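One-letter residues, chain by chain:
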Amino acid sequence: MTELPGRRLLLVHAHPDDESINNGVTMARYAAEGAHVTLVTCTLGERGEVIPPELAHLSGAALGGHRRGELAEAMRALGVDDFRLLGGPGRFSDSGMMGLADNDDPGCLWQADVDAAAALLVDVIREVRPQVLVTYDPDGGYGHPDHIQAHRVAMRAVELAAEAGCPVAKVYWNRVPRSWADAAFARLRDELPGLPFEKAAGVEDVPGVVDDERITTEIHGEGTEYAAAKAAAMRAHATQVTVAEPYFVLSNDLAQPIITTEYYELVRGERGGGEGREHDLFAGISGGDVTEEAS
Ligand SMILES: [Zn+2]
């Protein structure tokens, strides 16, 4: 078995595109620094709405297959080699938006037994032994059943892995500080007339917005190659996202700012890095805050 690098990061997401929108800068940075970055995506997003008219015929398994290709292209843009689907492709399907009949599909992630799904993630944790795990908050950021379930599966897997002697030192939830969101959306409203988008989203449309005090950690990306890699990764998800930097739209066609400095709330483990916000997810982890590969 090949020895993995000293720093190992695991991200747990619901659909292809969530990883790039939420964590593209973080993934690009740690991959570039030689850390081992593992992405586990829980579904192929088979119920996503398709933006480009020429791809509008795609739905169900065909859309899932197409999105798998988009995910692979996004991972090339971020420099991430290790990306997997929880339990393998098609094991859990997209549950659709909350309240739809799709939520009752027995094969969908929303209907999955959390312990059984978490056991599949524990297998990945035991193999990769990540010191850091990143996922959504208990509301899944914005209430989508697959995001809520991805959160539950990730948090349960951390408990089960610890019981199995494979603890994850730090767990973070994706967050956006309210002050940043307020300022970014004010700028967006000013710039909207010059953009290729008709309407703007509001702060309430952004998942994970919280008061600034709750932010423990920020990964700087503004103006860096990592922000460029993030935009490229978002573009790769062409069925779901249209990018016009520094903005993008989802299928609702409402413009939003691309988050180029990514924010987190540490919810398990010890904060490192001294006073103020951490600038490294591995801060305080012994052997973790070295930049060299330990191989
Ligand atoms: Zn999603």
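Residues numbered from 1 in each chain as written. Predicted model: local features only at pLDDT ≥ 70, side-chain atom pairs only at ≥ 80, totals over all residues. Heavy atoms only, no water.

Some thoughts on the environment of Trp110
No. 1: For Trp110, the location among the structural elements is in the loop between strand S3 (82-85) and helix H3 (114-128).
No. 2: Note: C-alpha distance between Trp110 and Leu100 (10 residues apart in sequence) is 12 Å.
No. 3: Sequence-distant contacts of Trp110, that is, excluding residues within four places in its chain, are made with Ser95, Met98, Asn103, Pro145, Asp146, Ile148, Gln149 and Arg152. (Helix = DSSP H or I, 4+ residues; strand = E, 2+ residues; numbered from the N terminus. Contact = heavy atoms within 4.5 Å.)

What about the confidence of the model for the protein?
No. 1: The share of residues in the protein with pLDDT of 70 or more is 96%, and the mean pLDDT across the chain is 95.
No. 2: Note that pLDDT drops below 50 for residues 289-295; the model gives that stretch 12 contacts with residues more than four away or on any other chain. (pLDDT = per-residue confidence, 0-100.)

Quick word on the packing of helix H1 (residues 18-32) against helix H6 (residues 225-236)
No. 1: With their axes 8 Å apart at the nearest point, H1 and H6 run at an angle of 130 degrees to one another. For the element pair H1 / H6, the angle class is oblique. Remark: the crossing between H1 and H6 carries right-handed chirality. Counted together, Ser20, Ile21, Asn22, Gly24, Val25, Ala28, Arg29 and Ala32 of H1 and Tyr226, Ala227, Ala229, Lys230, Ala233 and Met234 of H6 form the full contact between these two elements.
No. 2: Residues of the contact of H1 with H6, tallied by class, amount to 9 nonpolar, 3 polar and 2 charged. (Axes fitted to C-alpha atoms, helices over the stretch in contact; angles between N-to-C directions. Parallel < 35°, antiparallel > 145°, perpendicular 65-115°, else oblique. Left-handed = near helix turned anticlockwise from the far one by under 90°. Nonpolar A, V, L, I, M, F, W, Y, C, P; charged D, E, K, R; others polar.)

Quick look at the coordination of the zinc ion
Six octahedrally arranged donors around a metal ideally form angles of 90 or 180 degrees; four tetrahedrally arranged donors ideally form angles of 109.5 degrees.
No. 1: Binding of the zinc ion to the protein goes through His15 (ND1), Asp18 (OD), Asp18 (OD) and His147 (NE2), at separations of 2.0 to 2.5 Å.
No. 2: Relative to the metal, the 4 donor atoms surrounding the zinc ion lie at angles of 55 to 144 degrees, and the coordination shape comes out irregular.
No. 3: If you list the donors of the zinc ion from N- to C-terminus, the spacing comes out as H-x2-D-x128-H. Of this pair, His15 sits in the loop between strand S1 (8-13) and H1 while His147 sits in helix H4 (residues 145-163), and the two are 132 residues apart along the sequence. In terms of burial, His15 and His147 fall into one category: buried. (Donors = N, O, S within 2.8 Å, 3.2 Å for Na, K, Ca; no water. Tetrahedral: all angles 85-135°; square planar, octahedral: opposite > 155°, others 65-115°. Buried < 20%, exposed > 50% of the residue type's maximum accessible area, 1.4 Å probe, protein only.)

As for the UniProt feature "binding site: Zn(2+)" (unreviewed entry) in the protein
No. 1: Per the UniProt annotation, the sites labelled "binding site: Zn(2+)" (unreviewed entry) are His15, Asp18 and His147. A compact arrangement is adopted by the annotated residues: their sequence extent is 133 residues, whereas the largest C-alpha distance between any two is 9.4 Å.
No. 2: You can call His15 buried: its relative accessible area is 6%.
No. 3: Once residues within four sequence positions are removed from consideration, His15 is found in contact with Thr41, Thr43, Gly45, Arg67, Asp94, His144, Asp146 and His147.
No. 4: If you trace the backbone, Asp18 turns up in helix H1.
No. 5: The exposure class of Asp18 is buried, given its relative accessible area of 7%.
No. 6: Non-local contacts of Asp18, meaning those with residues more than four positions away in its chain, are made with His13, Asn23, Tyr136 and His147. (UniProt positions renumbered as here; feature names shortened; annotations may be inferred.)

Digging into the pattern of salt bridges
No. 1: In this structure the tally under the stated criterion is 18 salt bridges.
No. 2: As a salt-bridge pair, Arg175 and Asp137 come within 2.6 Å of each other at their nearest N and O atoms. Of this pair, Arg175 sits in strand S5 (residues 170-177) while Asp137 is found in the loop between strand S4 (132-135) and H4, placing the two residues 38 residues apart along the sequence. In this pair, the class of Arg175 matches that of Asp137, namely buried.
No. 3: Among the salt bridges present, the one from Arg214 reaches Glu265, with a minimum N-O distance of 3.3 Å. Of this pair, Arg214 sits in the loop between strand S7 (209-210) and strand S8 (217-219) while Glu265 sits in strand S12 (residues 262-268), and the two are 51 residues apart along the sequence.
No. 4: Counted as one network, the salt bridges with shared partners bring together Arg7, Arg29, Glu33 and Asp280. (Salt bridge = Lys/Arg side-chain N within 4 Å of Asp/Glu carboxyl O.)

A short note on the packing of aromatic side chains
No. 1: Scanning all chains against the criterion turns up 2 aromatic pairs.
No. 2: Look at Tyr30 and Phe282: their rings are 5.2 Å apart centre to centre, the planes differ by 65 degrees, and that puts the pair in the edge-to-face class. With Tyr30 in helix H1 and Phe282 in the segment after S12, this pair connects stretches of sequence that are 252 residues apart. For the pair Tyr30 and Phe282, one class covers both residues: buried.
No. 3: With a centroid separation of 5.9 Å and 70 degrees between ring planes, the pair formed by Tyr172 and Tyr264 is classed as edge-to-face. With Tyr172 in strand S5 and Tyr264 in strand S12, the pair connects residues that are 92 residues apart, well separated along the chain. Taken individually, Tyr172 and Tyr264 each receive the classification buried, so the pair is uniform in this respect. (Phe/Tyr/Trp six-rings, centres within 6.5 Å; stacked < 30°, edge-to-face > 60°.)

Let's talk about the sheet that holds strand S6 (residues 199-200)
No. 1: Here 4 strands make up an open sheet; going across it, the order is S6-S11-S10-S9 and the pairing mixed. The open sheet terminates on both sides in strands that have one partner only, identified here as S6 and strand S9 (242-244).
No. 2: Here S6 pairs with strand S11 (residues 254-257) via 2 bridges, running parallel. Within the sheet, the bridge partner assigned to Ala200 lies in S11 and is Ala255. (Pairing = 2+ DSSP bridges.)

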